[in-house]
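# Architecture at a glance
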Amino acid sequence: MISIQGIKKRFGEHEILKGVDLEIPPNKITVILGQSGQGKSVLLKMIMGLLTPDHGNILLQGQDLRDLGHDDRSQYAKKIGMLFQNAALFDSMNVEENVAFPLREHTKYSDAVIRETLETMLNDLGLPDIYQKMPAELSGGMRKRVGLARALVLKPEIMLYDEPTTGLDPILADSVDQLILNTGQKFGITSVVVSHDIEAAFKIADKIALLHEGVILEEGKPEEFRKSKKPFVQQFILGKAGEGFIG
Ligand SMILES: Nc1ncnc2c1ncn2[C@@H]1O[C@H](COP(=O)(O)OP(=O)(O)O)[C@@H](O)[C@H]1O
Ligand SMILES: [Mg+2]
């Protein structure tokens, strides 16, 4: 689905990515693990087309991102939904306006069709009857779900999640993990989750990759990953790979 090939990226003196190769399989959940500052968010932004690599290619269904013209690029952007860490809702808009926003920006749907799309989406995510609520009135879990509804409303083929459970209490984190699982299955979406949470990764991932010192140090199915012979991977699994897991 997404093929990441030999990606390098430098900011000033600092080479963050030193040749990242990763295959992201379709309709599965891939979790990219790594300590803070390893370049996980940078990698997601490249998949999103918001940052360009210095070297290497990102192919989506065989098509190189850089070969796309302006129109194709906006088509591409519509295929990808992203849930940022803070859900990033518009505070001055109610739930209905927030979720309808991408539809009003990118489609010519009538009000009736928009309303129907919203109803289905909010019901699917367990959020009926909150159309008129403002973001400030919502719990953290509801905000996440509204953010997810807004990301899903254009029916993306790919969902990117940047640290979806960071800062949430364990119960809420669990329900967000469940939501990622259900969303992937229900909508047949290719999901990429960036996380430092090894336990959650084992719960939701079909594939795990560990980004460390600019390269993918280990990757595989969760049971393969768990059996890695690399000392750093074992340290990471045991939670002993040093501080700074947040980010
Ligand atoms: N636009 C940017 N300009 C300069 N440095 C950046 C930029 N984006 C990220 N970085 C740096 O790249 C490194 C990796 O960042 P990031 O991808 O956010 O790490 P992670 O998400 O793994 O915690 C950090 O040292 C960060 O400061
Ligand atoms: Mg990050």
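In the block above lies the structure referred to throughout.
Right, let's walk through the structure included here.

Cut-offs used in this document
- Residues numbered from 1 in each chain as written.
- Chains lettered and ligands numbered in written order.
- Predicted model: local features only at pLDDT ≥ 70, side-chain atom pairs only at ≥ 80, totals over all residues.
- Buried ≥ 20, exposed ≤ 12 C-beta atoms within 10 Å, placed from the backbone.
- Helix = DSSP H or I, 4+ residues; strand = E, 2+ residues; numbered from the N terminus.
- Pairing = 2+ DSSP bridges.
- Expected span 1.5 Å × (residues − 1).
- Contact = placed C-beta atoms within 7 Å.
- Axes fitted to C-alpha atoms, helices over the stretch in contact; angles between N-to-C directions.
- Parallel < 35°, antiparallel > 145°, perpendicular 65-115°, else oblique.
- Left-handed = near helix turned anticlockwise from the far one by under 90°.
- Nonpolar A, V, L, I, M, F, W, Y, C, P; charged D, E, K, R; others polar.

Moving on to the pairing of strand E7 (residues 158–162). Buried residues dominate E7, accounting for five of its five residues. Relative to E7, strand E6 (residues 80–83) runs parallel, the two being bridged by four bridges. Residue pairing in the sheet places Leu83 in a bridge with Tyr161 of E7. Pairing of E7 with strand E8 (residues 190–195), which is carried by five bridges, proceeds in the parallel orientation. For Tyr161, the partnering residue across the bridge sits in E8 and is Val193.

It is worth spelling out helix H5 (residues 140–152) at this point. The end-to-end C-alpha distance of H5 is 18 Å, a good match for the 18 Å that 13 residues give at a rise of 1.5 Å each. Elements in contact with the buried residues of H5: E6, helix H3 (95–106), helix H4 (111–124), E7 and helix H6 (170–187).

A few words now on the packing of H5 against H6. Interaxial distance between H5 and H6 falls to 10 Å at its minimum, and their mutual angle equals 20 degrees. Considering the angle they form, H5 stands roughly parallel to H6. Viewed along their axes, H5 and H6 form a crossing whose handedness is right-handed. Contacts between H5 and H6 involve Gly140, Gly141, Lys144, Arg145, Leu148 and Leu152 on the former and, on the latter, Leu172, Ser175, Val176, Leu179, Thr183 and Phe187. Here the contact of H5 with H6 is built from residues that sort into six nonpolar, four polar and two charged.

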